[in-house]
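An overview of the molecular structure
For reference, the chains in residue letters:
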Amino acid sequence: MTTTLRPAGPEERHDDGTRARPYDVCVNSRRVGGVRLATDALFGPVAGRIADLSIDPPDRGRGRATVAALAAEEVLRGWGCRQIEVTVPAEATAAVRLAAALGYTERGRLLAKPLTDVPRLPEGSTDRPLGAAEYPAWRDAAVAAYARTRRGQGMSRARAEESSQAAHRELLPDGPRTPDQALRVLVHDGEDVGSLWVALRRPGQPGGYVVDVQVAPAHRGHGHGRTLMLVAERLCLAAGRTGLALNVHADNAPARGLYDALGYRPTAYLLWKPIL
């Protein structure tokens, strides 16, 4: 039997160069599932994405998903993509194993935690709003840090800088006064030691979302990262949000250890692989 992908609809092309198309997964022309292929809106046409790959229950366990994923790679390679991304729900253990077998590695993971009790901050620590006069310097540092992260993931310098600036303009159009965005500074024993950005409402997120958390280099290793996360939880609960989520990079072992100790658990894995 031969497993193939058959176009299930017209190809979508957008002004920014991205494209997408749905496909049926077929065995000898019989539909057994579906998949949607697209190029990444952030990384651009060089990065492809496998989305919504599913095999109908009667045909599972027969290698259909494996062949479909390999066929998807060929389609995306034909589109000129040099890397492929896929987001796998943490509970989809079979899909996680399949992705590992096909050479995908973890770029990051989405974590979440239900919130109940308002946590207390350590003695000597408090938080305050980021002031309007402080915002430009904070924004420039945040934009530069985000761009460095994207460059480390293979994005060109120009696209990384452009996407970082665009993201901050979109999410913080009114700076620290933007509704549903909390920018805070952590103060310990009267000295500023770190900063926090929490989106209290975000499309597709049932709770709050930690966009950025930073401890000043001179103050690292003293538990201030943990305190900033407690501040984030307090902000969410005060806004009536009963959950908090974030994205942590795979190579950030200290942060992953902190989030695990605080009770955050994976909800999805962000995987990728290069293709030639």
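Below is a short write-up of the structure. The structure presented is a predicted model; accordingly, all values stated were derived computationally and were not measured.

What counts and how
- Every residue gets a number counted from 1 within its own chain, in the order that chain's sequence is written.
- Per-residue local features of the predicted model are confined to residues with pLDDT of at least 70, and side-chain atom pairs are confined, for both listing and counting, to 80 or more; whole-chain, interface and lining totals are unaffected and use all residues.
- The side-chain quantities take in all heavy atoms of the structure and omit both hydrogens and water.
- The salt bridge definition used is simple: a Lys or Arg side-chain nitrogen within 4 Å of an Asp or Glu carboxyl oxygen.
- Helix and strand definitions follow DSSP, with helices as H or I runs of at least four residues and strands as E runs of at least two, each counted in order from the N terminus.
- By definition, residues are in contact when any of their heavy atoms lie within 4.5 Å.
- Only the contacting stretch of a helix is used when fitting its axis, a line to C-alpha atoms as for every element, and angles between N-to-C directions run 0 to 180 degrees.
- Should an angle lie under 35 degrees it is considered roughly parallel, over 145 roughly antiparallel, and from 65 to 115 roughly perpendicular; all remaining angles are considered oblique.
- Definitions for this section: a left-handed crossing has its near helix turned counterclockwise from the far helix by less than a right angle. A right-handed crossing has that turn clockwise.
- Note on residue categories: nonpolar means Ala, Val, Leu, Ile, Met, Phe, Trp, Tyr, Cys or Pro, charged means Asp, Glu, Lys or Arg, and polar means any other residue, Gly included.
- In this scheme Phe, Tyr and Trp rings, the latter by its six-membered ring, pair at centre separations within 6.5 Å, and the angle between planes marks the pair as stacked below 30 degrees, edge-to-face above 60, and tilted otherwise.
- Exposure classes here rest on a 1.4 Å probe applied to the protein chains alone. A residue is buried below 20% of its type maximum, exposed above 50%, and partly exposed in between.
- In this analysis the charged atom, NZ for Lys or CZ for Arg, is taken to sit over a ring once it is within 6 Å of the ring centre and within 35 degrees of the ring normal.
- Grouping buried Ala, Val, Leu, Ile, Met, Phe, Trp, Tyr and Cys residues that are joined through side-chain atoms within 4.5 Å yields what is termed a nonpolar core.

The next subject is the pattern of salt bridges. If you walk through the whole model with that rule in mind, you get 23 salt bridges. Between Arg19 and Glu11 there is a salt bridge whose closest N-O contact spans 2.8 Å. Notably, a salt bridge pairs Arg109 with Glu106, separated by 2.7 Å at the nearest N-O pair. Beyond isolated ion pairs, a larger network of salt bridges with shared partners links Arg6, Asp24, Arg31 and Asp56.

Turning to the environment of Gln205, a few remarks are in order. Take Gln205: it is sitting in the loop between strand S10 (191-199) and strand S11 (208-215). Gln205 sits 36 residues away from Arg241 along the chain, and the two C-alpha atoms are 10 Å apart. When residues no more than four places from it in sequence are discounted, the contact partners of Gln205 are Arg241 and Ala245.

A few words on the packing of helix H3 (residues 135-152) against helix H4 (residues 157-171). Two elements in contact, H3 and H4, have axes separated by 8 Å at closest approach and are oriented at 135°. Classified by the interaxial angle, the pair formed by H3 and H4 is oblique. In this structure, H3 meets H4 at a crossing whose hand is right-handed. Facing Ala142, Val143, Tyr146, Ala147, Arg150 and Arg151 of H3, the residues of H4 in contact are Arg157, Ala160, Glu161, Ser163, Ser164, Gln165 and His168. Its residues placed into classes, the contact of H3 with H4 shows five nonpolar, four polar and four charged.

A word on the packing of aromatic side chains. Tallying each qualifying case throughout the model produces three aromatic pairs. Judged by centre distance (5.7 Å) and plane angle (75°), the rings of Trp138 and Trp197 are edge-to-face. With Trp138 in helix H3 and Trp197 in strand S10, this residue pair connects regions lying 59 residues apart in the sequence. Comparing Trp138 with Trp197 shows no difference in burial state: the two are buried. Consider the rings of Tyr259 and Tyr264, whose centres lie 6.1 Å apart with planes at 70°: the pair is edge-to-face. What makes Tyr264 buried here is its relative accessible area of 1%. Among the aromatic side chains, those forming a connected cluster through ring pairs are Tyr135, Trp138 and Trp197. Geometry around Tyr209 places Arg202 over its ring, the cationic atom sitting 4.0 Å from the centre.

By secondary structure assignment, the location of Ala182 is in strand S9 (residues 181-188). In contact with Ala182, not counting residues within four places along its chain, are Leu196, Trp197, Val198, Leu200 and Leu235.

The next subject is the nonpolar core. Counting 26 residues, the largest nonpolar core has Leu196, Val198, Met229, Leu244, Leu246, Tyr259 and Tyr264 as the members making the most contacts within it. Secondary-structure elements contributing two or more residues to this core are S9, S10, S11, helix H5 (224-238), strand S12 (243-249) and helix H6 (253-261). The element best represented in this core is H5, accounting for eight residues. Residues in contact with Val198, not counting those within four places in the same chain, are Asp180, Gln181, Ala182, Tyr209, Ala232, Leu235, Cys236 and Leu244.

That's the geometry; what it means functionally is another story.
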